[in-house]
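Structural description and commentary
Chain residues, written in single-letter form:
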Amino acid sequence: MKAYKVAVVGATGAVGEELFRILEERDFPVSELVPLASARSVGREIEFKGKNYPVKELTHNVFKEEGVEIAFFSAGGSVSAEFAPSAAKSGAVVIDNTSHFRMQQDVPLVVPEVNPEDIALWEKTGIIANPNCSTIQMVQVLAPLHKAFGIKRVDVSTYQAVSGAGKKGMEELVLQMQKFFDFTLDSVEAKAFPHRIALNLIPHIDIFLENDYTKEEMKMVNETNKILHSDFEVSATCVRVPVLRSHSEALSIHFSQEVSAKAAREVLKEAESIVLMDNPQEKIYPMPMIATDTDETYVGRIRSDNFNKKILHLWCVADQLRVGAATNAVRIAQKWIAMQNR
C-alpha cells in the first residue's frame, strides 16, 4: 500500500494528540509526519511510531514545501479559514475538524458510517469537513433507524464533557475540583466557560443566536440533515457538564410509523460502530467512563414513549475527542485512500 506524507495542523492540541494516537493504532500508511502549529510551538517534538518529529510553523507554503498529501486540521475555525485553502491548492486533501467549512454547499460533510459516498465530492474544493462532535455520534445512531423506519423529528439534549473546550476546559475543571477540596472554590474565576463548571451544569455552549438557540445547538440541527440528506425536524439543547471526557445525549425520536424498542435494538445491534448496552435491570447502560478512549458509540435506555407508539427515547455516549473528532477524521482519510486505489 502507498504511504502518504501526512500533516497535522494543531499538532499540540487535544485533538491533534488524539490524531497521532489513532494514526499509530490503526497503522495508517504514513511515510512522513509533518506536525504543524503556531510559531510558539516550534521546537517541540511529536513522537510517532518510535520516531520524533519536530513541530514546524504553520505557513501558507509549508504544505507544498513538505509535499503534504493529507492534511488534518484541528486548530480552530480561523486557522482553517486562512490556511486550509493553501493546503488544498498545494494538492493535499484537507480533512478539517472545525466548523468553518461544514455548511458550505460544495464541501462534503462526512461521517464514514453514514455517508461515505459524499467523500467523492472532495475534488471540488480539496476539502472534506468533519462534523461537530455531538452531531457525529447522533447521526451514527439516527442513520440506521431512519433507513429502517423513517424519522420525522428528533429532540436531543446533550451532556457535553469539558474536553470539548480543549485542554483549557479540562484544566479548569481539575483546578476547580482541587479548589473545592481545599475549601477555596469560591475564589476561582471562570475562564474557559461562562460560569464555574465544577459541581455545576451550564446550558450554554458557544454563542447565543437571534432565535435563542446557541451556535452549538444549530450546528446539530443543520449538520444532521446535510449528512443524512434528509429534511426532518431537529431541536437541540446543549449542556456542559463536569465530566472530563465523552459526550452523552438523550434522544427522543419521532417516526413516521409505530416502532417498538425491540425492533430498534435489532437495527442498532447490526449498525456499524454502534455498541448496544441496554439491560437497565442489570444496571447496564452507556456512561462516559465506558466510552472514553474507545472508537464506538454506545447506545442504551431504549424505550417506547408512554403515550405515542411512534416515539422512542434512548441514550448514547461516545468519546468526543475520538469518535467525535480524531477517529472520524482518520476514518474519512482511510475511505479516501480506498477510493484512490479503486
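Structure report, in brief.

What follows deals with the sheet that holds strand β8 (residues 127-129). Taken together, the 6 strands give an open sheet; going across it, the order is β5-β2-β1-β6-β7-β8, and neighbouring strands pair in parallel fashion. In this open sheet, the two strands that pair with only one neighbour each are β5 (56-57) and β8. Strands in contact with helix α1 (residues 14-25) are β1 (4-9), β2 (30-37) and β6 (70-73); relative to β1, the strand with the most contacts, it is inclined by about 155°.

Attention shifts here to the pairing of strand β11 (residues 247-255). Within β11, 7 of the 9 residues are buried, which leaves the element mostly enclosed by the surrounding structure. Inspection of the sheet shows strand β9 (residues 151-160) paired to β11 by 8 bridges, in the antiparallel sense. Note that in β11 the partner of Arg 153 across the bridge is His 254.

Bringing the packing of helix α4 (residues 133-149) against helix α9 (residues 322-340) into the picture now. The geometry of α4 relative to α9 is characterised by a closest axis approach of 8 Å and an angle of 70° between their N-to-C directions. In terms of orientation, α4 and α9 fall into the roughly perpendicular class. Contact residues: Cys 133, Ile 136 and Gln 140 in α4; Val 323, Gly 324, Ala 325, Asn 328 and Arg 331 in α9. Of the residues that constitute the contact of α4 with α9, the class distribution is 4 nonpolar, 3 polar and 1 charged.

Once that is clear, we can look at the packing of aromatic side chains. Any pair of aromatic rings gets described here by the distance separating the centres and the angle formed by the planes. This model, assessed by the stated rule, comprises 7 aromatic pairs. Ring geometry for Tyr 4 against Trp 336: centres 6.0 Å apart, planes inclined by 65°, an arrangement best described as edge-to-face. Remark: Trp 336 occurs in helix α9 and Tyr 4 occurs in strand β1; sequence separation between them is 332 residues. Of the two residues, Tyr 4 and Trp 336, neither departs from the other in class, the shared state being buried. Three or more aromatic residues joined by ring pairs form one cluster here, namely Tyr 4, Trp 122 and Trp 336.

Ranked by internal contacts, the top residues of the largest apolar core, which has 60 residues, are Phe 63 and Leu 251. Looking at this core element by element, the count peaks at 8 residues for α4. Beyond its immediate chain neighbours, meaning those up to four positions away, Leu 251 contacts Met 138, Val 141, Leu 142, Val 154, Asp 155, Val 156, Leu 312, His 313, Leu 314 and Cys 316. Within the second largest apolar cluster, 36 residues are counted, among which are Tyr 53, Trp 122, Ala 325 and Ala 333.

Moving on to the sheet that holds strand β12 (residues 274-276). Within a beta sheet, neighbouring strands are joined by backbone hydrogen bonds and run either parallel or antiparallel to one another. Sheet architecture is open: 6 strands sit in the order β10-β9-β11-β14-β13-β12, paired in mixed fashion. Every interior strand has two partners, whereas the edge strands, β10 (233-240) and β12, have only one. Averaged over all pairs of adjacent strands, the angle between their axes in this sheet comes to 20°, without regard to strand direction. Here β9 runs beside β10; their pairing, made up of 8 bridges, is parallel. Residue pairing across strands places Ser 157 opposite Thr 237, the latter belonging to β10. Along the sheet, helix α7 (residues 261-269) makes contact with β12, β13 (297-304) and β14 (311-318), crossing β13 at roughly 165°.

Glancing now at the pattern of salt bridges. Under the defined criterion, the tally for this structure stands at 22 salt bridges. Between Glu 17 and Lys 167 there is a salt bridge, with the nearest N and O atoms lying 2.6 Å from each other. Note that Glu 17 is positioned in helix α1 and Lys 167 in helix α5 (residues 167-181), a separation of 150 residues in sequence. Arg 245 serves as the salt-bridge partner of Asp 319, at 2.8 Å between the closest nitrogen and oxygen. Linking Asp 319 in the loop between β14 and α9 with Arg 245 in the loop between β10 and β11, this pair joins segments that are 74 residues apart in sequence.

On the surface, a cluster of nonpolar side chains totalling about 320 Å² of accessible area is made up of Phe 180, Phe 181 and Leu 199. Counting through the fold element by element, Phe 180 comes out in helix α5. The class for Phe 180 is partly exposed, based on a relative accessible area of 33%.

Bringing the environment of Ala 87 into the picture now. For Ala 87, the position within the fold is in helix α3 (residues 77-89). Distance from Ala 87 to Val 62, taken between C-alpha atoms, is 8.3 Å for residues 25 residues apart in sequence. Sequence-distant contacts of Ala 87, defined by excluding residues within four places in its chain, comprise Phe 63, Ala 71, Phe 73, Ala 92 and Val 94.

In helix packing, the relevant descriptors are the interaxial angle and the interaxial distance, both defined with respect to the helix axes. Put simply, α4 and α7 touch, their axes get as near as 9 Å, and they point 120° apart. The orientation of α4 with respect to α7, classified from their angle, is oblique. Between α4 and α7 the crossing geometry is right-handed. Only Ala 263, Ala 264, Val 267 and Leu 268 of α7 make contact with α4, whose side of the interface consists of Val 141, Pro 144, Leu 145, Ala 148 and Phe 149. Of the residues belonging to the contact of α4 with α7, the class tally is 9 nonpolar, no polar and no charged.

Reading the values: rules and limits
- Residues numbered from 1 in each chain as written.
- Predicted model: local features only at pLDDT ≥ 70, side-chain atom pairs only at ≥ 80, totals over all residues.
- Heavy atoms only, no water.
- Pairing = 2+ DSSP bridges.
- Helix = DSSP H or I, 4+ residues; strand = E, 2+ residues; numbered from the N terminus.
- Contact = heavy atoms within 4.5 Å.
- Axes fitted to C-alpha atoms, helices over the stretch in contact; angles between N-to-C directions.
- Buried < 20%, exposed > 50% of the residue type's maximum accessible area, 1.4 Å probe, protein only.
- Parallel < 35°, antiparallel > 145°, perpendicular 65-115°, else oblique.
- Nonpolar A, V, L, I, M, F, W, Y, C, P; charged D, E, K, R; others polar.
- Phe/Tyr/Trp six-rings, centres within 6.5 Å; stacked < 30°, edge-to-face > 60°.
- Core = buried A, V, L, I, M, F, W, Y, C linked by side-chain atoms within 4.5 Å.
- Salt bridge = Lys/Arg side-chain N within 4 Å of Asp/Glu carboxyl O.
- Patch = residues over 30% accessible without salt bridge, like charges linked within 9 Å, V, L, I, M, F, W, Y side chains within 5 Å.
- Areas by Shrake-Rupley, 256 points an atom, 1.4 Å probe, with all protein chains shown as cover.
- Left-handed = near helix turned anticlockwise from the far one by under 90°.

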